Amino acid sequence: MNQISPLAYVHPEAQLGDNNIIGPFCYIDQNTVIGNNNTLRNGVTIHTGARIGDNNEFFPGASISTKPQDLKFVGEITTCQVGNNNSIRENVTLSRGTASKGTTIIGNNNLLMESMHVAHDCVIGNNVIIGNATKFGGEVIVDDNAIISAAVLTHQFCHIGGYVMIQGGCRFSQDIPPYIIAGKDPVKYAGINIVGLRRRKFSNDLINLVHDAYRLLYSKGVLKEGILEIKKNLQITPEIQYIIDFVESSQRGIIR
């Protein structure tokens, strides 16, 4: 049975699963789907197009599936998908998609801290931590296990690789490849995320292999030459192949 405060509004056409807690002053619009065991603290707004899984917690002021801040949006029917086991903290805003991709996606087991913003058509993976007041432009992609610190400004269309650590206050308009620390101003490659990789049970041999891959990649003035050096000199494990694929598919170029 759902526990719905008499001070909350739930549209008659909203679809709710079971064991949800809907606090006072929450607003749930039509064309919304909410799974099971979710908690909406007071003052949470679930706009049209929201598709929410199970076991999520939304804190006061969170606004989910908001109208995209994109002048090309003309009211097309789009969605904002939120997976399972996420913590969406105070005043977080998640926009729904546009005609470009049709949906914004938040995966599973993520922590989105206070006042951060995910714009239209972004894709956030799993086990991601995003700090207070960080802002993502439209169509940003964040791979699994990334950590983005507070007050980071990310240009639209950027791709953030998995297992990265991005320093607080950074701003960037190029892709951040996996397994690294990104920091300074302007943002630069600042070494391998050794602490993060060890926490994720990467062996020392694998960490050294990743370090060697970036040493070769950045040793050349042209990234294609660095990739050739990696292919020629290193064992191509799945982790190294991920780096190769990331760099070769980058549309904006990677930070140096």
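Right above here is the structure, for reference.
What counts and what doesn't
Residues numbered from 1 in each chain as written. Predicted model: local features only at pLDDT ≥ 70, side-chain atom pairs only at ≥ 80, totals over all residues. Heavy atoms only, no water. Helix = DSSP H or I, 4+ residues; strand = E, 2+ residues; numbered from the N terminus. Rg over C-alpha atoms; globule rule 2.2 N^0.38 Å. Buried < 20%, exposed > 50% of the residue type's maximum accessible area, 1.4 Å probe, protein only. Areas by Shrake-Rupley, 256 points an atom, 1.4 Å probe, with all protein chains shown as cover. Lys, Arg positive; Asp, Glu negative; His and termini not counted. Charge placed at Lys NZ, Arg CZ, Asp CG, Glu CD. Pairing = 2+ DSSP bridges. Arc of directions from axis to C-beta. Contact = heavy atoms within 4.5 Å. Expected span 1.5 Å × (residues − 1). Axes fitted to C-alpha atoms, helices over the stretch in contact; angles between N-to-C directions. Parallel < 35°, antiparallel > 145°, perpendicular 65-115°, else oblique. Left-handed = near helix turned anticlockwise from the far one by under 90°. Nonpolar A, V, L, I, M, F, W, Y, C, P; charged D, E, K, R; others polar.

Asker: Which residues make up the overall build of the protein, and what values do they have?
Answerer: The number of helices and strands found in the protein is 4 helices and 28 strands. Its C-alpha atoms give the protein a radius of gyration of 20 Å, within 12% of the compact-globule value 18 Å for 256 residues. Overall size of the protein, expressed as C-alpha extent along the three principal axes, is 65 × 40 × 30 Å. In the protein, buried positions account for 50% of the 256 residues. Total accessible area on the protein stands at roughly 11800 Å², and carbon and sulfur atoms take up 51% of it. The averaged location of the 22 negative side-chain charges in the protein is 7 Å from the averaged location of its 22 positive side-chain charges.

Asker: Lay out the pairing of strand S28 (residues 188–192) with the relevant residues and their values.
Answerer: Residues in a regular strand project their side chains so that they alternate between the two faces of the sheet. Pairing analysis gives 3 bridges linking strand S27 (residues 180–183) to S28, with the strands arranged antiparallel. Paired with Ala182 across the bridge in S28 is Tyr189. Between the end of S27 and the start of S28, which pair antiparallel, lie 4 residues, with Lys184 showing a positive phi angle near 75°.

Asker: How would you sum up helix H3 (residues 223–233)? Please name residues and give values.
Answerer: All of the buried residues along H3 are Leu223, Gly226, Ile227, Glu229 and Ile230. Seen along its axis, H3 keeps its buried residues to an arc of 155°; they face one direction. Opposite the buried face of H3, by more than 90 degrees, sit the exposed residues Lys224, Leu228 and Lys232. Against helix H2 (204–217) and helix H4 (238–249) lie the buried residues of H3.

Asker: So what about the sheet that holds strand S15 (residues 103–106)? Which residues, and what values?
Answerer: Read from one edge of the open sheet, 8 strands run S3-S6-S9-S12-S15-S18-S21-S24, paired in parallel fashion. Of all the strands in the sheet, just strand S3 (15–16) and strand S24 (159–160) have a single pairing partner and so form its edges. When strand S18 (residues 123–124) meets strand S21 (residues 141–142), the two strands line up parallel, connected through 2 bridges. Bridge assignment links Val123 to a residue of S21, and that residue is Ile141.

Asker: Now, about H2: what can you tell me, with residues and values included?
Answerer: With 14 residues, H2 should cover 20 Å at 1.5 Å per step; its first-to-last C-alpha distance of 20 Å lies within 8% of that length. Among all positions of H2, only Leu206, Ile207, Leu209, Val210, Ala213, Tyr214, Leu216 and Leu217 are buried. Elements in contact with the buried residues of H2: S27, S28, helix H1 (194–199), H3 and H4.

Asker: Can you lay out the packing of H3 against H4 for me, pointing to particular residues and giving the numbers?
Answerer: At a minimum axis distance of 11 Å, the contact between H3 and H4 shows a crossing angle of 160°. It follows that H3 is roughly antiparallel to H4 by the angle criterion. Viewed along their axes, H3 and H4 form a crossing whose handedness is left-handed. Counting all contacts with H3, which are made through Leu223, Ile227, Ile230 and Lys231, the residues of H4 involved are Ile240, Ile244, Val247 and Glu248. For the contact of H3 with H4, a count of residues per class yields 6 nonpolar, no polar and 2 charged.

On their own, these measurements won't tell you what the molecule is for.
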